[in-house]
Amino acid sequence: MPKSFNVNKYLRMDKMPHIWCPGCGNGMVMSAFLRAVDSLQLDPNRVVVVSGIGCSSRISGYLDFNTLHTTHGRPLAFATGIKLAEPTLEVVVITGDGDATAIGGNHFLHSCRRNINITLIVINNYIYGMTGGQYSPLTHKGDFATTAPYGNVEPELDMCKVAESAGATYVARGVTYKPVSMEDMIIKALENKGFSLVEILSQCPVYYGRMNKKGDAVEMLKWQKENTVTMKAAAQMAPSALKGKIITGVLSSRYRPEYTEEYENVIQQAQESAQ
Amino acid sequence: MVIAKSNTLALQGTEAVALAMKQINPDMVAAYPITPQTEIVQGFSQFVADGEVDTHLVNVESEHSAMSACIGGASAGGRVMTATSSQGLALMWELLYIASGLRLPMVMPNVNRTLSAPINIHCDHSDSMGARDAGWIHLFSENAQEAYDNTLQAVRISEHPQVRLPVMVLLDGFIISHSLDRMESLEDSTVKEFVDVFKPEFSLLDAKTPTCIGAFDGLYGYFFEFKRQQEEAMRNAFQVVKDVGKEYGELTGRPYGVFEAFGLEDAEFAIIVLGSAAGTVRHEVECMRSRGIPIGMIKLRLFRPFPANELIEAVSHLKAVAVFDRSDTFAGGMGGPVFTDLRSALYESEKKPLMVNYIYGLGGRDLPVELINKAATELEQVAQSGQVKEKINYLGLKE
Ligand SMILES: Cc1ncc(C[n+]2csc(CCOP(=O)(O)OP(=O)(O)O)c2C)c(N)n1
Ligand code: SF4
Ligand SMILES: [Mg+2]
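Calculation criteria
Residue positions are given per chain, counted from 1 along the sequence in the order it is written. Chain A is the first chain written and ligand 1 is the first ligand written, with later ones labelled in order. Two thresholds apply to this predicted model, a pLDDT of at least 70 for residue-level local features and 80 or more for giving and counting side-chain atom pairs, whereas whole-chain, interface and lining totals are computed over all residues. By definition, any uninterrupted DSSP run of H or I lasting at least four residues is a helix, any uninterrupted run of E lasting at least two residues is a strand, and each is numbered from the N terminus. For this measure, only C-alpha atoms enter the radius of gyration; the expected value for a globule follows 2.2 Å times N^0.38, where N is the number of residues. Put simply, a residue is buried when 20 or more other C-beta atoms lie within 10 Å of its own C-beta and exposed when 12 or fewer do; between those, it is partly exposed, and each C-beta is set from the backbone. It is the C-beta atoms, placed from the backbone, that decide contacts: two residues are in contact if theirs lie within 7 Å. Nearness here is judged by the C-beta atom: place it from the backbone, and if it falls within 6 Å of a molecule or strand, the residue counts as near that partner. Gly is put with the polar residues, along with every residue not named as nonpolar or charged; the nonpolar set is Ala, Val, Leu, Ile, Met, Phe, Trp, Tyr, Cys and Pro, and the charged set is Asp, Glu, Lys and Arg. Here an axis means a line fitted to C-alpha atoms, over the contact stretch when the element is a helix, while the angle between two N-to-C directions is reported on a 0 to 180 degree scale. Oblique is the label for any angle not under 35 degrees, not over 145, and not in the 65 to 115 range, which are roughly parallel, roughly antiparallel and roughly perpendicular in turn. Put simply, a crossing is left-handed when the front helix is turned counterclockwise from the back one by less than a right angle, and right-handed when it is turned clockwise. For two strands to pair, DSSP has to find at least two bridges joining them. Throughout the structure description, domain borders are defined by an automatic or database domain assignment.

### Here we look at the overall build of chain A
Looking only at helices and strands, one finds 12 helices and eight strands in chain A. The C-alpha radius of gyration of chain A comes to 19 Å, within 12% of the 19 Å expected for a compact globule of 275 residues. Structurally, chain A occupies a C-alpha span of about 65 × 45 × 35 Å along its principal axes. For chain A, with 275 residues in total, the buried portion stands at 48%. When contacts within chain A are restricted to residue pairs at least 6 apart in sequence, long-range pairs at least 24 apart make up 65% of them.

Have a look at this one:
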């Protein structure tokens, strides 16, 4: 964590106060992201933050970087265009679970598959926050939502597993109750040359929390603590003790050729053979 | 005439539509949230969860899927519905043409909200106007009552054998969708009888008559003829909309036509408007008339098909008409969609009024009485002077 850290210099202070409810996890993720940017001393003018639509996606409006607030589900498609046009830019997508895996699910798959050098931070509050608490593909089976008043019948998606099998080269799952490790994961993701997913388990006390009787934000953070296990700890635990626990940490990190570089290679080959 | 029993309720526009959907009890509803529509499908999903309807509710992952599911359901012979708004309608665009091209009856309430960019979630008619040429019937509502009434009538219009086209029921975002309104609802049994049972022409589930729906028709096929028939169905819709509106009037005491005229007989000039703004316009027109000013108004209900003949008949005696449009065509000075349509309709008319266009309320900008008065006063000058100073006006722009 940076020692002295002036968060205001990265924010559009004229856009404050933000819209988030008290206790919402979105601000915690935003601040972890800013600490990561500060640690890496990234030039804000070379960073592009793209977001979709949702409470979480409002982050782009508050950051004093190059930002693009797009349409619901499409930030990765916009980001792919930006990255291909100017591969030297640091392109980051910050969005919600619904945006990334429901309406925008196909872009997620193809971004992983291409291993394009974009960092995707998904704030998973297990719900569509902005539209009032409908279940998302990441809502756990049996959980309550305004569209599942008697419990969700659909099984949840493990987006980290999907990312890994689709070809993402850095996949991590963090939790808002561990801000330092969250920041560390975002640093590694930004450093990774390829597609990185950081899924952050976050809290929406207003919709998900209330409907699932999870208590206030503090209770929800406690829930995270009691129900998540790091990869490292899990390795030492018996399978029975892991039942119902969510694994956090760096779930996968490997090398695969990166998309914009591969693209550049093809361009060069084509130009050479044309000469 | 025996008016059916009704109940007086205080409901928001979204609740009124959800109630209509509950009483229609469709076979399938596809649900996906978007502000300010969300409470329609959410309210309806509660009815499903509580076992108050027999509907299969499909919670999809986008509006593209919602309309696709509806097309599937209607092809299988079901009575299907969904509801949307703004970006959601825009995302359905591809499928809107499939639904109308396949001549699949269905009803979709669309809560009018503008389209991005810049991001704005408030009311204007850009979303449904963007789908103007998609082959759907468009019915506009002034308040929760009309949104409810239109939703019920839309089922009959859509499924009429001479029509068989999808219908959009339009209600203004927030102004209607989120305002509490006094309204009359019908008894469930009355609605059940009124909407009757859907009798599909074809059904994928009819194993005795295998059907092929939507196949590739090639360069030498009948695509052009299909499209001509689609246009014919739109022409048939005029009469059907009127017949259903009359029958509904006999049932409820609230008859509906293709538009509602007010004070036109003795008016010299008039305002034409769609949706919730009609209430405010009517108020100002009443005030001006009480001061002896010869102004009238038309609240357009049916926008697609466009009731050109009736409108010509209604306005040709006027000296001047102001069309209020809550969206723009961005055609470089041609004005809003209702203005361009009406102007085009009047081309052959021997007697025609001078026409001015007022584009108002984009992105939820308010339309207070003062602005209507400003436009009406300018319109009066046009009528008196016989001259149009500014054809296309933007009402309520920040200076
Ligand atoms: C095409 C389209 N459909 C629907 C919406 C409405 N909408 C806005 S945000 C949202 C869900 C957001 O959920 P999530 O991505 O999890 O973000 P959160 O609000 O939970 O942070 C939806 C469905 C939209 N903006 N655009
Ligand atoms: S609704 Fe939930 S996700 Fe949205 S700002 Fe409030 S707490 Fe956060
Ligand atoms: Mg969410």
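Anyway, onward from the coordinates.
### Notes on the site of ligand 2
All names here are of chain A. Around ligand 2, the structure places Trp20, Cys21, Cys24, Asn26, Cys55, Asn125, Gly129, Cys204, Pro205, Val206 and Tyr207. With three residues, the top contributor of residues to the shell around ligand 2 is helix α8 (residues 205–211). The class makeup of the residues in the shell around ligand 2 is eight nonpolar, three polar and no charged.

### Side note on the packing of helix α1 (residues 13–24) of chain B against helix α7 (residues 144–159) of chain B
Residues and elements named next belong to chain B. At a minimum axis separation of 8 Å, α1 and α7 run at an interaxial angle of 25°. Overall, the two elements α1 and α7 adopt an arrangement that is roughly parallel. Crossing of α1 over α7 shows right-handed handedness. On α7, the residues that touch Gly13, Ala16, Val17, Leu19, Ala20, Met21 and Ile24 of α1 are Ala144, Ala147, Tyr148, Thr151, Leu152 and Val155. Looking at side-chain class alone, the contact of α1 with α7 contains 11 nonpolar, two polar and no charged residues.

### Here we look at the interface of chain A and chain B
Each partner contributes residues to the interface: chain A has 16 residues there, and chain B has 15 residues. Looking at the side of chain A that touches chain B, its residues break down into six nonpolar, 10 polar and no charged.

### Digging into the site of ligand 1
Gly54, His72, Gly96, Gly98 and Gly129 of chain A are the nearest of the 23 residues found near ligand 1. Those residues lying near ligand 1 are distributed over chains A and B. Looking at the shell around ligand 1, the elements with two or more residues in it are α4 (97–103) of chain A together with α4 (86–91) of chain B.

### A word on the sheet that holds strand β15 (residues 392–395) of chain B
All names here are of chain B. One open sheet holds the six strands; their spatial order is β9-β11-β10-β13-β14-β15, and the pairing between them is mixed. Strands at the two margins of the open sheet, each flanked by one partner only, are β9 (259–262) and β15. Neighbour-to-neighbour, the strand axes of the sheet open up by a mean angle of 20°, direction not taken into account. As judged from the four bridges shared by β9 and strand β11 (residues 295–300), these two strands associate in the antiparallel manner. Among the inter-strand pairings, Ala261 is bridged to a residue of β11, identified as Ile298.

### Some points on the domain arrangement of chain B
Residue and element names in this part refer to chain B. When its domains are assigned, chain B resolves into domain 1 (6–195 + 216–252) and domain 2 (259–395). Centre-to-centre, using C-alpha coordinates, domain 1 lies 27 Å away from domain 2. With 27 residues of domain 1 at the interface, the matching set in domain 2 holds 20 residues. At five residues, helix α9 (residues 223–252) tops the list of elements feeding residues into the side of domain 1 that touches domain 2. Partitioning the side of domain 1 that touches domain 2 into residue classes produces 13 nonpolar, nine polar and five charged.

### Let's talk about the pairing of strand β1 (residues 47–51) of chain A
All names here are of chain A. Counting buried positions along β1 gives four out of five residues, so the element sits mostly inside the fold. In this sheet, strand β3 (residues 90–96) lies alongside β1 in parallel orientation, the contact comprising four bridges. Its bridge partner being in β3, Val49 is matched across the sheet by Val92. Across four bridges, β1 lies against strand β2 (residues 66–69) in parallel orientation. For Val49, the partnering residue across the bridge sits in β2 and is Thr67.

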